[in-house]
Amino acid sequence: MTFSQFLSLLSILGGGVVSAVFVSYLTSHRDLKDYKRKKYEELYEIIRTDKVKFYDWWIRYQAAFEDSITLQDAQQGRTSITDGAERMTKAEMLTNLYASDINPLLQEYWKAKQSLIIVVNNMCKERQNGTTTQASMAGFHNARDNVVKATEDLFASIALQSSKL
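As the structure is a prediction and not an experimental result, all values here were calculated from the model. (Residues numbered from 1 in each chain as written. Predicted model: local features only at pLDDT ≥ 70, side-chain atom pairs only at ≥ 80, totals over all residues. Heavy atoms only, no water.)

Looking only at helices and strands, one finds five helices and zero strands in the protein chain. Traced from its N-terminal end to its C-terminal end, the protein chain shows the element sequence α-α-α-α-α. Compactness check: the protein chain gives a C-alpha radius of gyration of 27 Å against a globular reference of 15 Å for 165 residues, more than 25% above the reference. Within the protein chain, the proportion of its 165 residues that are buried is 30%. A fraction of 72% describes how many contacts in the protein chain between residues 6 or more apart in sequence connect residues 24 or more apart. Surface exposure of the protein chain reaches about 10,500 Å², of which carbon and sulfur atoms provide 57%. Each charge class in the protein chain can be summarised by its mean position, and for the 20 positive and 19 negative side chains these summaries are 4 Å apart. (Helix = DSSP H or I, 4+ residues; strand = E, 2+ residues; numbered from the N terminus. Rg over C-alpha atoms; globule rule 2.2 N^0.38 Å. Buried < 20%, exposed > 50% of the residue type's maximum accessible area, 1.4 Å probe, protein only. Contact = heavy atoms within 4.5 Å. Areas by Shrake-Rupley, 256 points an atom, 1.4 Å probe, with all protein chains shown as cover. Lys, Arg positive; Asp, Glu negative; His and termini not counted. Charge placed at Lys NZ, Arg CZ, Asp CG, Glu CD.)

As structure tokens, then:
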């Protein structure tokens, strides 16, 4: 084998190795992006499910405060406020592992929900004592609007971060 043949063989093999490494890098990079995108979708679905369940919970209390149903009927609903703990844990895990930029908005969402729960609990106490006022309904609607805004901000951030992948 002559030197020029050896050099040609070496360049062919070297080019093949370089292209294989490059293709492998591009494939793994694409797979990582797809995996992260699936995690963003999973996070989005968890928050959407939590939003629907939370809506089911607070809408019953709104109906009770507006005298459409009794407070006892509102408290006997299928959805419990304690059902969201597992969703919260999973959402926090996903944001900490894959979407740390979203974590502050997720915490705002939880705080807004907690504020609405406190308002509902206080209004239930007022209702049981017979001291419900129009101002407390305004507080309820304000807390509810804060939850809706926090949810919309969180969804927008998840969509933005996902599109950047």
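Next up on the list: the packing of aromatic side chains. Scanning the entire structure with this criterion turns up nine aromatic pairs. Aromatic side chains Trp58 and Phe140 sit 6.1 Å apart centroid to centroid with 65° between the ring planes, which places their arrangement in the edge-to-face category. Here the residue Trp58 occupies a position in helix α1 (residues 3-65), and Phe140 occupies one in helix α5 (residues 134-163), the gap between them amounting to 82 residues. Through pairs of rings, three or more aromatic residues link up here, namely Phe54, Tyr55, Trp57, Trp58, Tyr61, Phe65 and Phe140. Above the ring of Phe54, the side-chain terminus of Lys113 is found at 4.8 Å from the ring centroid. (Phe/Tyr/Trp six-rings, centres within 6.5 Å; stacked < 30°, edge-to-face > 60°. Lys NZ or Arg CZ within 6 Å of the ring centre and 35° of its normal.)

Under the counting rule described, the total for this entry stands at ten salt bridges. For Arg30, the salt bridge identified is with Asp31, shortest N-O distance 3.7 Å. You can call Arg30 partly exposed: its relative accessible area is 48%. The partly exposed category is assigned to Asp31, whose relative accessible area is 40%. (Salt bridge = Lys/Arg side-chain N within 4 Å of Asp/Glu carboxyl O.)

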